[in-house]
Amino acid sequence: MPLFNNTELRILQWKINGFHLKGFDTTRGCMALVKDSLPCSEDTNAIYCGDGVETHAALIQQGHETFTMYNLYRGRHAVLDLGATGYNPTSCDVDSLEADFSVALHAAASAAIPLQGQPTRGHKNHWHYNEEMREANHRVCMFRRGFRRNRTQITLANLREAIREAHATVTCVRINKFHEWCEGFNTHTSLSELWRKLHVVTNRSCPRLNHHVPVEEAQWLVEEFASRISSAFLPQRTQETQQQLREGRIHYVGDMMAQPDETDTEFTLGELTAARRPGKNIAPGEDRVTYSMLAHLGPAGGEAFLRVVSASWRTGRLPTAWKTATIVPIPKPKEPGAYRPISLVSCMGKMAERMILSRLLWKLGLLHEHIYAYRKGTGAAHSIATLLAAVSNEPSITIFLDLEKAFELASPLAIQDTLDRKGVRSRLPRSHVGVQGAGE
């Protein structure tokens, strides 16, 4: 509902006419105009509608029914202007197009939201410093300035009284904050959380411990992670079978890639919009391009990004930066000395993958009804419900299989061969395996 310049007069008129406003104090003016005869209250647990969306909900009672009325406001998103950065790619090389676009995107983001240095440290007593203490300190400073301008017994007494009240306020606030801090501990509080809170209240920071031999440790992790995908872990019979099928699969995959398909068309802005990841940012790759930067590209920026994706789509070759990952080792909680590698890859590459995935799913059609993983709207609960419905409360024996390193040791050629037999050919298989990858 728009707000006029003479807002006070409009509100007064609504009140006279038997209406009242709900949510007038919100930031951008989301409100509900409700009749006085209808019981109404604000819903403080309104549904989250995404970042940057202001939500106001009003609960209206009509007889025995309760209705919830929502008012939503979403401001205009800033658009990153790549043209202002001098972005004018002339090369047709995939790596050059990706590098130029990444540099222009960072320059446009820095111009729209200037980079800042590290935040300065807060108040030395930041763990309990609040508005009440700030006001008490302000009163002391005000009376101290008055005493310096006019040194009399009255100004001195006022200053001493302000200092005494400030000390009492600080003591009271610290005691209350300490009690609140102690109430946050229970029998489930971990030792690390306890030490972290102690460092906060004592104004100490935990030093970051560096490994005593970082180069040797990094090399060991590289060898450890590389060994996870080695085919030496497979049984000897499986290795021999893969070797026998290798040459035939390579020729078959090559033939399927050479055949044209209806999915070979260029990508559109609609597909790019559908592939954008909603929600908050996640850790970016080595290029430091985040999802929020890609969300503010605008039509011109989207066309520039599609130029990079289309070049990769036509040539069947991914930019080198999209294949470069920063591997972060995460310790396994129940296996001392073992790590789980987490790869931080380019957000642009992941967005391009989602665009290709939508076409791949369209080409494959519906998956088998008993496949619950990697499908929207299904999960472990559905598989358990299906199992329980199948046994019908009868005594039964169930066997669960857990394949060790199933993802790392999966054969790309075997997957590609299966996709080809399902009709996936031309650019689609080339986008995720590639002619070179098929022969390696």
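The rules we used
Residues numbered from 1 in each chain as written. Predicted model: local features only at pLDDT ≥ 70, side-chain atom pairs only at ≥ 80, totals over all residues. Heavy atoms only, no water. Helix = DSSP H or I, 4+ residues; strand = E, 2+ residues; numbered from the N terminus. Buried < 20%, exposed > 50% of the residue type's maximum accessible area, 1.4 Å probe, protein only. Salt bridge = Lys/Arg side-chain N within 4 Å of Asp/Glu carboxyl O. Core = buried A, V, L, I, M, F, W, Y, C linked by side-chain atoms within 4.5 Å. Contact = heavy atoms within 4.5 Å. Axes fitted to C-alpha atoms, helices over the stretch in contact; angles between N-to-C directions. Parallel < 35°, antiparallel > 145°, perpendicular 65-115°, else oblique. Left-handed = near helix turned anticlockwise from the far one by under 90°. Nonpolar A, V, L, I, M, F, W, Y, C, P; charged D, E, K, R; others polar. Patch = residues over 30% accessible without salt bridge, like charges linked within 9 Å, V, L, I, M, F, W, Y side chains within 5 Å. Areas by Shrake-Rupley, 256 points an atom, 1.4 Å probe, with all protein chains shown as cover. pLDDT = per-residue confidence, 0-100. Expected span 1.5 Å × (residues − 1). Polar contact = N/O pair within 3.5 Å; in protein donor to acceptor, adjacent residues only side chain to side chain. Phe/Tyr/Trp six-rings, centres within 6.5 Å; stacked < 30°, edge-to-face > 60°.

Novice: For the overall build of the protein, give the residues involved together with the corresponding values.
Specialist: The helix and strand tally for the protein stands at 15 helices and seven strands. Within the span of the protein, comprising 440 residues, buried residues form 27% of the whole.

Novice: If you had to explain the pattern of salt bridges to someone new, which residues and values would you point to?
Specialist: Counting across every chain of the model gives 13 salt bridges. Note that Arg314 is salt-bridged to Glu266, the shortest N-O span being 3.7 Å. Here Glu266 lies in the loop between helix H7 (236–258) and helix H8 (269–275) and Arg314 lies in helix H10 (residues 298–315), a separation of 48 residues in the sequence. The class of Arg314 is partly exposed, set by a relative accessible area of 44%. Note on Glu266: relative accessible area 33%, which makes it partly exposed. Among the ionic contacts, a cluster of salt bridges with common partners joins Asp93, Asp95 and Arg317.

Novice: An account of the nonpolar core is requested, with residue identities and associated values reported.
Specialist: One finds Leu82, Phe101, Leu105, Leu294, Phe305 and Met355 to be the most contacted residues of the largest nonpolar core, which totals 36 residues. When residues of this core are traced back to their parent elements, those giving at least two are helix H2 (94–112), H8, helix H9 (291–295), H10 and helix H11 (347–364). Residue contacts for Leu294: discarding those within four places in its chain leaves Leu105, Arg276, Val289, Cys347, Met348 and Met351.

Novice: Lay out the packing of H2 against H10 in plain terms, naming residues and giving numbers.
Specialist: Relative to each other, H2 and H10 sit at 160 degrees, their axes nearing to 9 Å. On the basis of the axis angle, H2 is roughly antiparallel to H10. The interaxial crossing formed by H2 with H10 has left-handed handedness. Between H2 and H10, the residues in contact are Val94, Leu97, Glu98 and Phe101 and Gly301, Ala304, Phe305, Arg307, Val308, Ala311, Ser312 and Thr315, respectively. Considering only residue class, the contact of H2 with H10 consists of seven nonpolar, three polar and two charged.

Novice: Lay out a nonpolar patch on the surface with the relevant residues and their values.
Specialist: A surface patch of nonpolar side chains, about 200 Å² in accessible area, is lined by Val328, Ile330 and Ile342. Here Ile330 is to be found in strand S6 (residues 326–331).

Novice: Can you lay out unusual backbone geometry for me, pointing to particular residues and giving the numbers?
Specialist: Phi is positive for Arg288, which is not a glycine, with a value near 65 degrees. By the element assignment, Arg288 lies in the loop between H8 and H9.

Novice: Describe in detail the confidence of the model for the protein, supporting the description with residues and values.
Specialist: On average, residues of the protein score 78 in pLDDT, and 79% of them reach the 70 mark or higher. Here residues 433–440 is modelled with pLDDT under 50, and outside its nearest four sequence neighbours on either side it reaches 13 contacts, counting other chains as well.

Novice: Go over helix H3 (residues 131–149) with me, naming the residues and quoting the values.
Specialist: Compared with the 27 Å implied by 1.5 Å per residue over 19 residues, the 27 Å span of H3 between its first and last C-alpha is a close match. On its buried face, H3 is in contact with helix H4 (153–183). Looking at where H3 begins, the residue whose side-chain oxygen comes 3.3 Å from the main-chain nitrogen of Glu132 is Asn130.

Novice: Go over the packing of aromatic side chains with me, naming the residues and quoting the values.
Specialist: Any pair of aromatic rings gets described here by the distance separating the centres and the angle formed by the planes. Applying the stated criterion to the full structure yields four aromatic pairs. Centroid distance Phe101 to Phe305: 5.8 Å. Interplanar angle 45 degrees. Geometry classified as tilted. Of this pair, Phe101 sits in helix H2 while Phe305 sits in helix H10; the two residues are 204 residues apart in sequence, bridging distant segments of the chain. Here Phe101 matches Phe305 in class, with each residue buried. Considering the side-chain rings of Phe305 and Trp322, the 6.4 Å spacing of their centres and the 40 degrees angle between planes classify their relative orientation as tilted. Remark: Trp322 occurs in the loop between H10 and S6 and Phe305 occurs in helix H10; sequence separation between them is 17 residues.

Novice: Before we move on, could you go through the environment of Leu38 and cite the residues and values that matter?
Specialist: Mapped onto the fold, Leu38 is located in the loop between strand S2 (32–35) and strand S3 (40–42). Linking Leu38 and Gly63, residues 25 residues apart in sequence, is a C-alpha distance of 9.3 Å.

Novice: Let's hear about helix H12 (residues 380–391): which residues, and what values?
Specialist: Taking 1.5 Å of rise per residue, 12 residues should cover 16 Å, and H12 covers 17 Å from first to last C-alpha, within 8% of that figure. Just past H12, the residue Ser392 takes up positive phi, approximately 55 degrees.

Novice: Give me the lowdown on the side chain of Asp417, citing residues and values where you can.
Specialist: Positionally, Asp417 belongs in helix H13 (residues 412–421). When its relative accessible area of 10% is taken as the criterion, Asp417 is described as buried. Discounting residues that sit within four places of it in the chain, Asp417 has contacts with Arg249 and Tyr252.

Novice: Tell me about the environment of Val424, and name the residues and values.
Specialist: Note on placement: Val424 falls in the loop between H13 and helix H14 (427–432). The spacing of Val424 and Leu364 is 60 residues in sequence and 7.4 Å in space, taken between C-alpha atoms.

Novice: Kindly report on the side chain of Thr290, identifying the contributing residues and their values.
Specialist: Position of Thr290 among the secondary structure elements: in the loop between H8 and H9. Among the residues examined, Thr290 registers a relative accessible area of 16% and is labelled buried. Among the polar contacts made by the side chain of Thr290, one reaches the side chain of Ser292 at a distance of 3.0 Å. Residues within four places of Thr290 in sequence aside, it is in contact with Asn281, Pro284 and Cys347.

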